[in-house]
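Single-letter residue listing:
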Amino acid sequence: MSRPRLTIGTFGTIGFQTASNGRVTARARYRDWDGKSRLVQATGDTKGTAARVGDRL
């Protein structure tokens, strides 16, 4: 059984990566209003900061 599609205008699970300089990148899939799923990312000093910045994309 396949995974259900994201509802339009919503994010999937947020994944985090820490760079060598200590900054954190948050990445997630976003289902845009035209129905296409896009990868979005934001960078911050901490996981919380990166996730909050991503909410404003």
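Preceding this section is the structure that the text describes.
Note that the structure is a prediction, hence the values are computed from the model and not measured. (Residues numbered from 1 in each chain as written. Predicted model: local features only at pLDDT ≥ 70, side-chain atom pairs only at ≥ 80, totals over all residues. Heavy atoms only, no water.)

Thoughts on the pattern of salt bridges
Consideration 1: Within the structure shown, the criterion is met by three salt bridges.
Consideration 2: Salt-bridge contacts for R38 lead to D32; the nearest nitrogen and oxygen are separated by 3.0 Å.
Consideration 3: With relative accessibility at 32%, the residue R38 sits in the partly exposed group.
Consideration 4: A relative accessible area of 23% places D32 in the partly exposed class.
Consideration 5: With its nearest N and O atoms 3.1 Å apart, the salt bridge here joins R38 to D34.
Consideration 6: Looking at D34, the relative accessible area reads 47%, which means it is partly exposed.
Consideration 7: In this structure, a network of salt bridges that share partners links the residues D32, D34 and R38. (Salt bridge = Lys/Arg side-chain N within 4 Å of Asp/Glu carboxyl O. Buried < 20%, exposed > 50% of the residue type's maximum accessible area, 1.4 Å probe, protein only.)

Interpretation in functional terms is not warranted from these geometric data alone.
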